[in-house]
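Each chain is listed here by its residues.
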Amino acid sequence: MEKEEVEANGVTTKEEPVAGTTTKEEAVNVSPKYVNDKNEDDVMNTGGHIITTEEDEIGEEDINGNHQTDEEDLGYIVRSEKEWARRHRFMSIDRLNIFSDAVFAAITTFMVVPLKEEVREYEPTENLWSSLLADWYRFLIFVISFWIVSALWQDHVWILQNVEHVGDIGLILNVIFLMICSLIPFLAVIMGNYYQYALSAQLCGSCVLLLTLLQGLMIIFAFRGEKMLSGEFVEGGTKLQLRDELLIITGLKVLLCFLSIGIAEVNVPAALVVLVLTMFADWVCIIAIGLYRKWRDSSFNTDLSSHLSRRLVLENIDMDRTQTFTDGIFIIVATLIILDITTDSLIDGEVDVDENSLLETLQRNKEPILSYLSTFLTVGMIWYINYSIFYYLQRLSRLLLFLNRMSLLFVSVLPLGFQLISVFSVDEADRNENNAVRFHCVLIFFATAFQVVFWLVAHWRRDKHFSSKYHGMHKMRMLCLLLIYPSMSLMLFCASFIDRVFEANVIHLAELLVPVAFILLKFAFELTLHFRRSHRKPGVSNLSMELTETQNDKNNLGFSHPGPIS
């Protein structure tokens, strides 16, 4: 077929058929993804056709000095998805994900600030446990709020996990969603201060309800076509199934939110319990779907335990977004504690201070400074352990994500332990200083103990969760890293029960020495590897040794699953 020449604005142009087509009518129905790779500014809106000028026909010279046309040089190559998406006002989802994860991390972490302000007002002479017990409702509201925000983030990940491009409407919906989500810390303060009023619970329920409805709109908008979804997901044929499941979960959450708002008029604590259940709606739906398919679908020959194992242990979660969210929480926690050692909090700015008085003031307030350094170092080392775990992971499941969120819950409260030690590290506190040390040790223990549980659960299906580089000495090194902080915090917790006052300086010193233990462990690991390489048998390569260690790991029944999960 000959190409038709057209006069447009005095420039001789011609219409080229899209690769693999022979007529204009066929080219009109071809996706813009499958057109010749021209400059975006030169592509006109011609219903799938490409309008090229005479200058476009002059390609680069080949090695013989002959001119080649773009058609000859490129052979009608496929236009990249990025150019196609930009042409249709669709942008990559990456920046939206990073922005959303950062906002979620900030919201989740800043909720501890009102608790820090409350703890700062504690009297050192009063019993610490009595003071904490008086504020138990505030702590409970913090835990509930943390779980709500982290669950909303998890739903956000599930909705956008198979989305590659997003348009203007999607971006605006996401901004509105994050704006409403940012109100949760404010509503948590209202709930903590006025928990006896039904209005406080109804406001929280209404906020979660509105967020859930927005999530439903985002699901419908993302799954209504195939322009925003990844090609592999669309070709896999699970688009409708996942959309329906997400909408069912959203519908269940809407019902629970309405129920929580209604129950608040009668019983506020019961309304909060129902509100917490909304955060586990996905788990409830997974169980319900398994039971329904077992009862109604004759082709569903998998028992319920295998179904739950496949859904909770083998389903993939976006690891990149999980690491971004996790790193955001660690970053904010590590820097949030610096607010307590500003010059205004240590030095009275209204009083003139000379050089000697300044030195005496800093020496007198050395406890908050030392507490800041040790707490920052502890947060950084716990992040290092989390980083090491994810370094060896190749996939993440629902169950592992749940355990990671539990660890982050206690990490986000570490500034509170720092604040308590700063308040009660005075002479008049007497044995209250021991109680503050115990509280701080409990937070460190659970923050790191959930990392240990995370690591152990990942071994349940080690071949699915860990990469091939995780074997032999790497396992032993990870086990030693994971046990350092739980062991240290447990020993210090027990030591705080001695008869005399257990000074906070002891725990500061222990926290400052932990990085030394990490470095020594690293040296021991490298020396052991060097020793094994130098004494291996001649002709045995490093790859052969790794394969042998990996095979030995598979034969080890300590963490292995007894059989495959169908």
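Counting restarts for each chain: residues are numbered from 1 in the order of the written sequence. Where totals are concerned, whole chains, interfaces and linings use all residues; where local detail is concerned, this predicted model gives features only for residues with pLDDT of at least 70, and gives and counts side-chain atom pairs only at 80 or more. For the side-chain quantities, the full set of heavy atoms in the structure was used; hydrogens and water were omitted.

**Details of helix α13 (residues 268-278)**
For step 1, the next point in the chain: A 1.4 Å probe rolled over the protein chains alone gives each residue an accessible area, and that area as a share of the maximum for its type sets the label: buried under 20%, exposed over 50%, partly exposed in between. By definition, any uninterrupted DSSP run of H or I lasting at least four residues is a helix, any uninterrupted run of E lasting at least two residues is a strand, and each is numbered from the N terminus. Of the residues making up α13, those classed as buried are V268, A271, L272, V274, L275 and T278. Buried residues of α13, seen end-on, are gathered within an arc of 160° and therefore sit on one face of the element.
For step 2, the next point in the chain: N-capping of α13 is provided by N267, with a side-chain oxygen placed 3.2 Å from the backbone N of A270. The arc in question is the one traced by the directions running from the helix axis out to the C-beta atoms. Polar contact is the term for a pair of N or O atoms within 3.5 Å; when the atoms are in protein, one must be able to donate a hydrogen and the other to accept it, and sequence-neighboring residues count only if both atoms are side-chain atoms.

**Some remarks on the side chain of D101**
For step 1, the next point in the chain: Note on placement: D101 falls in helix α4 (residues 94-110).
For step 2, the next point in the chain: At a separation of 2.6 Å, a polar atom in the side chain of D101 contacts the side chain of R321.
For step 3, the next point in the chain: Excluding residues that lie within four positions of it along the chain, D101 makes contacts with W153, R321, T324 and F325. By definition, residues are in contact when any of their heavy atoms lie within 4.5 Å.

**Comments concerning the pattern of salt bridges**
For step 1, the next point in the chain: Salt bridge, as used here: a side-chain nitrogen of Lys or Arg that lies within 4 Å of a carboxyl oxygen of Asp or Glu. One pass over the full model with this rule turns up seven salt bridges.
For step 2, the next point in the chain: D101 is paired through a salt bridge with R321; the nearest N and O atoms lie 2.6 Å apart. Taken together, the residues D101 in helix α4 and R321 in helix α16 (residues 319-336) connect sequence positions 220 residues apart. Pair check on accessibility: D101 and R321 agree, each one buried.
For step 3, the next point in the chain: Between R138 and D135 there is a salt bridge; the shortest N-O distance is 2.7 Å.
For step 4, the next point in the chain: The exposure class of R138 is partly exposed, given its relative accessible area of 25%.

**Here we look at the nonpolar core**
For step 1, the next point in the chain: F104, I184, L393, L396 and Y485 are the most contacted members of the largest nonpolar core, which has 128 residues in total.
For step 2, the next point in the chain: Ranked by the residues each element gives to this core, the list is headed by helix α7 (residues 136-160), at 16 residues.
For step 3, the next point in the chain: Setting aside its immediate chain neighbours within four residues, I184 contacts M111, S145, I148, V149, L152, C207 and L211. Residues belong to one nonpolar core when they are buried, are Ala, Val, Leu, Ile, Met, Phe, Trp, Tyr or Cys, and are joined through side-chain atoms within 4.5 Å.

**Digging into a nonpolar patch on the surface**
For step 1, the next point in the chain: Candidates for patches are residues over 30% relative accessible area with no salt bridge; among them, like charges are joined within 9 Å and nonpolar side chains (Val, Leu, Ile, Met, Phe, Trp, Tyr) within 5 Å. All accessible-area figures derive from a Shrake-Rupley calculation using a 1.4 Å probe, and residue coverage is judged against the displayed protein chains alone. A cluster of nonpolar side chains, namely L509, L513, V516, I519, L520 and F523, defines an oily patch on the protein surface of about 600 Å² accessible area.
For step 2, the next point in the chain: Residue L509 is classed as exposed on the basis of its relative accessible area, which comes to 51%.

**Some thoughts on the packing of α7 against helix α9 (residues 184-193)**
For step 1, the next point in the chain: Taken N-terminus to C-terminus, the directions of α7 and α9 make an angle of 155°; their axes are 9 Å apart at the nearest point. By the criterion of interaxial angle, the relationship of α7 to α9 is roughly antiparallel. The element α7 and its partner α9 pack so that their crossing is right-handed. Side by side, α7 and α9 meet where Y137, R138, I141, S145, I148, V149 and L152 of the first sit next to I184, A188, M191, G192 and N193 of the second.
For step 2, the next point in the chain: In this classification, Asp, Glu, Lys and Arg are treated as charged, Ala, Val, Leu, Ile, Met, Phe, Trp, Tyr, Cys and Pro as nonpolar, and every other residue, Gly included, as polar. Here the contact of α7 with α9 is built from residues that sort into eight nonpolar, three polar and one charged. Inter-axis angles, ranging from 0 to 180 degrees, are taken between N-to-C directions of lines fitted to C-alpha atoms, where helices are fitted over the stretch in contact. Each angle gets one of four labels, with under 35 degrees taken as roughly parallel, over 145 as roughly antiparallel, 65 to 115 as roughly perpendicular, and the rest as oblique. For any helix crossing, the convention is left-handed if the near helix is rotated counterclockwise from the far helix by under a right angle, and right-handed if that rotation is clockwise.

Read these as layout, nothing more, since geometry by itself doesn't imply function.
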